[in-house]
Protein chains: 2
Amino acid sequence: MRTGIATVCLSGTLREKMQACANAGFDGIEIFEQDLVTSPLSPEDVRKMAADLGLTLDLYQPFRDFDSVTAELLAANLRRAEAKFRLMSRLGMDTILVCSNVATASIDDDGLRAEQLAALAALAQDHGVKVAYEALAWGKYVNDYEHAHHLVETVDHPNLGTCLDSFHILSRDWDTAPIESFNPEKIFFVQVADAPKLSMDVLSWSRHYRVFPGEGQFELAKFLGHVVRAGYTGPVSLEVFNDVFRQSDVERTAVDAMRSLIWLEEQSAKWLDANPAPVNAAENGAGIRLPGRRRYPMELATLPQVAEPGGFNFAEVRAADTAALETLLGQLGFASNGRHRTKNVQLWTMGHARVIINEDSSQESRDAGAAAAPAISALGFDVESPVIAAARAQQLKAPTVPRKSQADEEIFQGFAAPDSTEIFLCQGSPDGTAVWTREFGEGLEAAAAGRTGEQSAVIDHVNLAQPWQHFDEAVLFYTSALALEPQPYAEVASPTGLVRSQVMLTRDRGVRLVLNLAPLVQREGSGSGSGQRRTYQEHIAFAVDDLVATARAAKARGLEFLQIPVNYYEDLDARFGLDPVLLATLRDLNLLYDRDADGEFLHFYTATVGSVFFEMVERRGAYDGYGAPNAPVRHAVQYDHLHQLNRTP
Amino acid sequence: MRTGIATVCLSGTLREKMQACANAGFDGIEIFEQDLVTSPLSPEDVRKMAADLGLTLDLYQPFRDFDSVTAELLAANLRRAEAKFRLMSRLGMDTILVCSNVATASIDDDGLRAEQLAALAALAQDHGVKVAYEALAWGKYVNDYEHAHHLVETVDHPNLGTCLDSFHILSRDWDTAPIESFNPEKIFFVQVADAPKLSMDVLSWSRHYRVFPGEGQFELAKFLGHVVRAGYTGPVSLEVFNDVFRQSDVERTAVDAMRSLIWLEEQSAKWLDANPAPVNAAENGAGIRLPGRRRYPMELATLPQVAEPGGFNFAEVRAADTAALETLLGQLGFASNGRHRTKNVQLWTMGHARVIINEDSSQESRDAGAAAAPAISALGFDVESPVIAAARAQQLKAPTVPRKSQADEEIFQGFAAPDSTEIFLCQGSPDGTAVWTREFGEGLEAAAAGRTGEQSAVIDHVNLAQPWQHFDEAVLFYTSALALEPQPYAEVASPTGLVRSQVMLTRDRGVRLVLNLAPLVQREGSGSGSGQRRTYQEHIAFAVDDLVATARAAKARGLEFLQIPVNYYEDLDARFGLDPVLLATLRDLNLLYDRDADGEFLHFYTATVGSVFFEMVERRGAYDGYGAPNAPVRHAVQYDHLHQLNRTP
């Protein structure tokens, strides 16, 4: 599959965009006109630079409001088109995108439209240019891709074809199956974009909220499957208008974009395999189905295949001063397993819940100022084959993380998530144990004093704060590299704004990862251009069988619980009419409670150290949530604590 | 008019919200349930704190999904309601908001609904509580305020009334005139919110995009006029769900909120004056109209009245090192008028365009680090009466700016705009001169060398960068305090994202103020929680009669023009088919060009010094825009310059 991307997807100047596209490995680009108009590079400079970078210049775009006009306007439009055809010749480009008219269209007559498009095609032919005509979803008269294709068929000129854009098709819920019957020689170009399903006017939706494939909710594998089955062999090119991507680092966004196409390519191949095409009825009256992909001219590359991870292997917290962390874990009931024999890390366990405390704070993956304070630095996932999973992640352009190991130690395959959390791929085991824990034990004598009878626990979920400009990237990253499944996101009120919360799951719930996009907070008095901060707190939640017992034991050990307001329990009682004994227990132990049709959820939070806190949960019945109705309480209490700390001069 | 605000409008904890509301001068507040549930304050604490702060607790809200349910659910809902009634008694509150059911409603039967509301009203009566029933715009069966009112009339219980919320009514485009015929004793509460007109699902629109009155596009003066005419005398209370306000400084937002009600009160009084009510036909068959406001029990306060400003009196740029500014202004054709006799400021003029260079950089209204670099610090506006205009601004809670003056000098009335630009109200003159310029002249001998024959010019417009969290506030500020009229906003592409651009006008175009909301830019590698910056540049545009001559003279004086790419001129020619001589002139002088049905626009930009640059414009015919199609070129070239500077280590 030939990959492409429109320059409008990215931030920066045309030069920066082209460099980033080449670095990310794209085959070609679409030149968005405004990027050229605003550039100091001449068309010849752009042509040479693209050639030097190994990028093809696949599409010049957009040419707007051509068709369905009066004769006078047509003449002006043809003159305008000719200027662009001349420019394309200097750029060495041969395909231009012409969108259906939204603004100046005044005549609704397919015969006239075909005449006007024929005139354009003839002029294009004189200049060696191919016109790819596209139905915009909000085109005045032409807004259906089949309508645009019908016009192309009617004109039947070698220099006129159609451009299929997934957004314009899927935003209108058009059926994509008819694409299969298109003559592939008339499909001049294919653009792909994903989007969250929003109920708003389609123009605003298109201009601000498109995302890269895998970051939204469109059925793109199916769309592209139909395109492949039609026999199309040209570029599959991203055209994504997104307010955040326009503001984000161009190199990062280009890699995110490339990852989305690699993933889409694989998903489309899978869709084709899973949905074999009926043989053309005219050729084969019996309608025998042939295997899906065999006969299509476009090659679809696949990736190393991985099953979803079985669970969390470990979570790692990094800190310069580890005392507060050790105290907290000990009070929760974790046992110290001592130090690693060669690395400055400790292992704490509670059943199969493993927490590594990394005493090395020299790495600068977090804010320099906050480096000494505890922060979640890495997560280990149980996978069937770490080597295959790592190969897949690498093909998906996940940046690898080097980690030193001695000869006889287990080697973790690791890479960096978009928020720079390190992700390690570990060999899962059927019984939930981990071989590498044998490498620990040093210095255990000292820590053993605090050791208690080890209880059963597992990591239930991990909640990571995402930088605002990498949220969509993170969703695609975990979807594509780790086979997690994004759930519909929730929004939770906090004293500093709404927190967007996106759960990523495995089907058997062995892994639950929660991505939080916290609001920006503005410090007043610091003026424009500075003073933005995000109060980020992340946490690791452990599931136990008997939360009340766990909480009682933790309380007896002196744990500092997050203090839940009395008002909460009164509201809880009003909502659920709880048994008074249970209510008193909840209140006494600062436990939170939720209930739905599937079951019950009890949980509590510890105080925060650095940017980390811990949660203990008990799931009763088939409860599958995270106590979302209680999240505002947690946010409010944590805010109050933080605020009181900040008020101290 | 009694003013109120729901705590959900604001950021922070309940305690912080209450303090901010009291500081801003609200009479009362609505307690949003979640704010109480998440608070460590007991209901008794809240009651005492409100009393101490002089705030009434006007409404407890929301109570959801009560009506249209099965008998079993009704029993549970009544139990839930009773718990809340008891809580309200501890809070000393007597009114609760009950919203029409959106989630659990299963029976569409007005008779049953009336029965269930009657049961609730009876229970409420036992606890001394009044129920204000409100139709949510997305209520399952009840989503029209007249429907809700009809149910209230049917039940006819002293403890059941209706709540009118402008958002739920105006978002659905319901006619508001029928409110006038409501029995005022059945209107228990009135909530007001404004909103931009968006075409999206009404729930998302309501939950994220509401704004304070005057910041959106709803006809709130008319809405409130009808409410007043119905005879309502209770609180008029803001209920605004807004993602930005939830993140912003609570004290600032509360003042913004209060300003919106003061302005709305005045606008409603004006609406009533302008739209006299017909006398009740039953009382007066002749239908004689009586003056609008005479007989209504709610008192509406008015503000000192001001006409829109006649023009810009001056613009002031502050800098520690003023050399670059002086050079730029001199090259543009400005003449130095020397220093002020007592202050460290210079006056530069070109016709009636006056620029003050303030050599005092000690004030800390801008980033500390950028304080030395030139920045727009103040704007003077010509008004009929500075004293009256200042009194109006002060009543609208504009923070006053002290400015020292000697005995015989003109005293400027000044206040701070939301972006901390200082706004001065100056005595306008019919001939465009300013008396205070006589105070200048010191040191003129030295500067006079650069003096050229003074040309005619005026300040055409000023473009100010707005912090993201104060954009809506700024729109209301200039609307209410300066009588500028907001225009529909535009979005302009730049290399760092879309720039929202909001023009504020006077009717005769004497003042054109452009508020820009620039995107955030993320510096990579700086980690979460920091590294946000906004590249802000602001400018002052001067209109001249002959831009080409002005540009030629400036070029001859060595002005550094913003360099416009050649590609731009080729595109310009493709779009407009310009006369080759004009095109060559534009290109030669780095002029930009725009044309629409009303006329033509020629303009050029200078290089940027600090965060300031200048623009020279010529308007031909009735052209009323700002060359918006050229804005991406400007942004791209400025970005490129800034980026090259930043790349230098």
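Reading the values: the criteria
- Here the residue numbers are simple positions, counted from 1 along each chain's written sequence.
- Working convention: letters from A go to chains and numbers from 1 go to ligands, in the order in which they are written.
- Under the rules for a predicted model, residues below a pLDDT of 70 receive no local features and side-chain atom pairs below 80 are neither given nor counted, while totals for whole chains, interfaces and linings still include all residues.
- Runs of H or I in DSSP of at least four residues are treated as helices and runs of E of at least two as strands, each being numbered from the N terminus.
- We call a residue exposed when 12 or fewer other C-beta atoms sit within 10 Å of its C-beta, buried when the count reaches 20 or more, and partly exposed for counts in between; the C-beta positions come from the backbone.
- What counts as a contact is two residues whose backbone-derived C-beta atoms lie within 7 Å of each other.
- What counts as an axis is a line fitted to C-alpha atoms, over the stretch in contact for a helix, and the angles between N-to-C directions run from 0 to 180 degrees.
- Angle categories: roughly parallel below 35 degrees, roughly antiparallel above 145, roughly perpendicular from 65 to 115, and oblique for all the rest.
- The handedness criterion is simple: a crossing whose near helix is rotated anticlockwise from the far helix by less than a right angle is left-handed, and one whose near helix is rotated clockwise is right-handed.
- Residues are grouped as follows: nonpolar covers Ala, Val, Leu, Ile, Met, Phe, Trp, Tyr, Cys and Pro; charged covers Asp, Glu, Lys and Arg; every other residue, Gly included, is treated as polar.
- Where each domain starts and ends follows an automatic or database-derived domain assignment.
- A pair of strands is considered paired only if DSSP assigns at least 2 bridges between the two.
- Clockwise travel from the first strand over the helix to the second, with the strands pointing away from the viewer, marks a crossover as right-handed.
- We call a set of buried Ala, Val, Leu, Ile, Met, Phe, Trp, Tyr and Cys residues a nonpolar core when their C-beta atoms link them within 7 Å.
- One number per residue, pLDDT, summarises how confident the predictor is, and it ranges from 0 to 100.

Peer 1: Provide a residue-level description of the overall build of chain A, including the pertinent values.
Peer 2: A count of helices and strands for chain A gives 18 helices and 27 strands. Across the 649 residues of chain A, 54% fall into the buried class. In chain A, once contacts between residues fewer than 6 apart in sequence are set aside, the share between residues at least 24 apart is 75%.

Peer 1: With reference to specific residues and values, describe the packing of helix α1 (residues 14-24) of chain A against helix α3 (residues 43-53) of chain A.
Peer 2: A pair of packed helices is captured by two measures, namely the crossing angle of their axes and the spacing between those axes. Residues and elements named next belong to chain A. In the contact formed by α1 and α3, the axes pass within 10 Å of each other and the chain directions differ by 20 degrees. Between α1 and α3, the interaxial angle falls into the category roughly parallel. Like other packed secondary-structure pairs, α1 and α3 cross with a definite hand, here right-handed. In this structure, α1 uses Leu 14, Met 18, Gln 19 and Ala 22 to contact α3, whose residues at the interface are Val 46, Met 49, Ala 50 and Leu 53. When grouped by side-chain class, the residues that make up the contact of α1 with α3 number seven nonpolar, one polar and no charged.

Peer 1: How would you explain the packing of helix α5 (residues 110-126) of chain B against helix α6 (residues 145-155) of chain B if you had to name every residue and give the values?
Peer 2: All names here are of chain B. It is the contact of α5 with α6, at a shortest axis distance of 9 Å, that shows an interaxial angle of 65 degrees. Along this stretch, α5 crosses α6, giving a crossing that reads as right-handed. Contacts from Asp 110, Arg 113, Ala 114, Leu 117, Ala 118 and Ala 121 of α5 reach α6 at Leu 151, Thr 154 and Val 155. Residues of the contact of α5 with α6, tallied by class, amount to six nonpolar, one polar and two charged.

Peer 1: Tell me what's going on with unusual backbone geometry, and back it up with residues and numbers.
Peer 2: Residue and element names in this part refer to chain A. Residues Gln 61 and Pro 62 are joined by a peptide bond in cis, for which omega reads -10 degrees. In this structure, Pro 62 sits in strand β3 (residues 56-63). Not every positive phi belongs to a glycine, and Asp 173 is a case in point at roughly 60 degrees. By the secondary structure assignment, Asp 173 is in the loop between α7 (166-170) and β7 (187-192).

Peer 1: Tell me about the domain arrangement of chain A, and please be specific about residues and values.
Peer 2: Residues and elements named next belong to chain A. You can read the domains of chain A as domain 1 (2-274) and domain 2 (311-647). Computed over C-alpha atoms only, the centres of domain 1 and domain 2 are separated by 43 Å. Contacts between the two partners involve 14 residues from domain 1 and, on the opposite side, 10 residues from domain 2. Class assignment for the residues of the side of domain 1 that touches domain 2 results in seven nonpolar, four polar and three charged.

Peer 1: Please give an account of the sheet that holds strand β4 (residues 95-99) of chain B that cites residues and values.
Peer 2: Residue and element names in this part refer to chain B. Ordered in space as β1-β2-β3-β4-β5-β6-β7-β8, the eight strands form a closed barrel in which the pairing is parallel. Direction aside, neighbouring strands of the sheet carry axes that sit 30 degrees apart on average. With five bridges joining them, β4 and strand β5 (residues 130-134) adopt parallel strand pairing. Bridge assignment links Thr 95 to a residue of β5, and that residue is Lys 130. Against the sheet, α6 touches β5 and β6 (160-165), its axis set at about 170 degrees to β6.

Peer 1: Can you break down helix α11 (residues 323-332) of chain A residue by residue, with the values?
Peer 2: Considered for burial, the residues of α11(A) that qualify are A:Leu325, A:Leu328, A:Leu329, A:Gly330, A:Gln331 and A:Leu332. Residue A:Gly333 follows α11(A) closely and has a positive phi angle near 110 degrees.

Peer 1: Give a description of the sheet that holds strand β15 (residues 422-427) of chain B that names residues and reports values.
Peer 2: Backbone-to-backbone hydrogen bonds join strands into a sheet, with any given pair of strands oriented parallel or antiparallel. All names here are of chain B. The strand order across the open sheet built from eight strands is β14-β15-β13-β9-β12-β11-β10-β16, with neighbouring strands paired in mixed fashion. Single-partner strands in this sheet number two, and they are β14 (413-416) and β16 (440-442). Direction aside, neighbouring strands of the sheet carry axes that sit 30 degrees apart on average. Where strand β9 (residues 311-318) meets strand β12 (residues 353-358), four bridges bridge the pair, whose relative direction is parallel. Within β12, the position partnered with Arg 318 by the bridge is Asn 358. Sitting on the sheet, helix α12 (residues 386-395) touches β13 (375-383), β14 and β15, and the angle it makes with β15 is about 150 degrees.

Peer 1: If you had to explain the environment of A:Arg86 to someone new, which residues and values would you point to?
Peer 2: Residue and element names in this part refer to chain A. As for its placement among the helices and strands, Arg 86 is situated in helix α4 (residues 71-91). Arg 86 sits in the partly exposed class, given 15 other C-beta atoms within 10 Å. Distance from Arg 86 to Asp 321, taken between C-alpha atoms, is 66 Å for residues 235 residues apart in sequence.

Peer 1: Before we move on, can you summarise the pairing of strand β1 (residues 3-6) of chain B with the specific residues and values?
Peer 2: All names here are of chain B. Burial along β1 is two-sided: Thr 3 and Ile 5 facing one way and Gly 4 and Ala 6 facing the other are all buried. Pairing analysis gives three bridges linking β1 to strand β8 (residues 236-238), with the strands arranged parallel. Counterpart to Thr 3 in the pairing with β8 is Val 236. Taken together, the three bridges between β1 and strand β2 (residues 28-32) define a ladder with parallel strand orientation. Bridging from a neighbouring strand, Ala 6 pairs with Glu 30 of β2. Regarding topology, helix α1 (residues 14-24) serves as the crossover connection from β1 to the parallel β2, and that connection is right-handed.

Peer 1: Could you give me a rundown of helix α16 (residues 566-576) of chain A, with the residues and numbers involved?
Peer 2: Along α16(A), the positions that sit buried rather than exposed are A:Asn567, A:Tyr568, A:Tyr569, A:Glu570, A:Asp571 and A:Leu572. Downstream of α16(A) by a residue or two, A:Gly577 has a phi angle that is positive, lying close to 55 degrees.

Peer 1: Now, about the nonpolar core: what can you tell me, with residues and values included?
Peer 2: Counting 386 residues, the largest nonpolar core has A:Phe542 and B:Phe542 as the members making the most contacts within it. Setting aside residues up to four positions removed in sequence, A:Phe542 forms contacts with A:Met350, A:Ala353, A:Ala457, A:Val458, A:Ile459, A:Asp460, A:Phe614 and A:Met616.

Peer 1: Before we move on, could you go through the environment of B:Thr38 and cite the residues and values that matter?
Peer 2: Residue position: B:Thr38 is located in the loop between α2 (33-37) and α3 (43-53). A C-alpha to C-alpha distance of 36 Å links B:Thr38 and B:Arg500, two positions 462 residues apart in sequence. Filtering out sequence-adjacent residues up to four positions away, B:Thr38 remains in contact with A:Pro565, A:Pro632, A:Val633 and A:Ala636.

Peer 1: Kindly report on the confidence of the model for chain A, identifying the contributing residues and their values.
Peer 2: All names here are of chain A. When the pLDDT values of chain A are averaged, the result is 90; 90% of them are 70 or greater. Under a pLDDT of 50 for its full length, residues 281-285 has, in the predicted model, two contacts with residues more than four places off or in other chains. Confidence drops under pLDDT 50 across residues 446-451; counting only partners more than four residues distant or on other chains, this segment forms six contacts. Of the two predicted TM-score estimates for the complex, the pTM is 0.92 and the ipTM is 0.90.

Peer 1: I'd love a proper account of the pairing of β15(B), names of residues and values included.
Peer 2: All names here are of chain B. Burial runs high along β15: five of the six residues are buried. Of the strand pairs in this sheet, β14 and β15 are connected by four bridges, and their pairing is antiparallel. Paired with Gly 414 across the strands is Phe 424, a residue of β15. Connecting β14 to the antiparallel partner β15 that follows it, the hairpin turn spans five residues, and Ser 420 within it adopts a positive phi of roughly 75 degrees.

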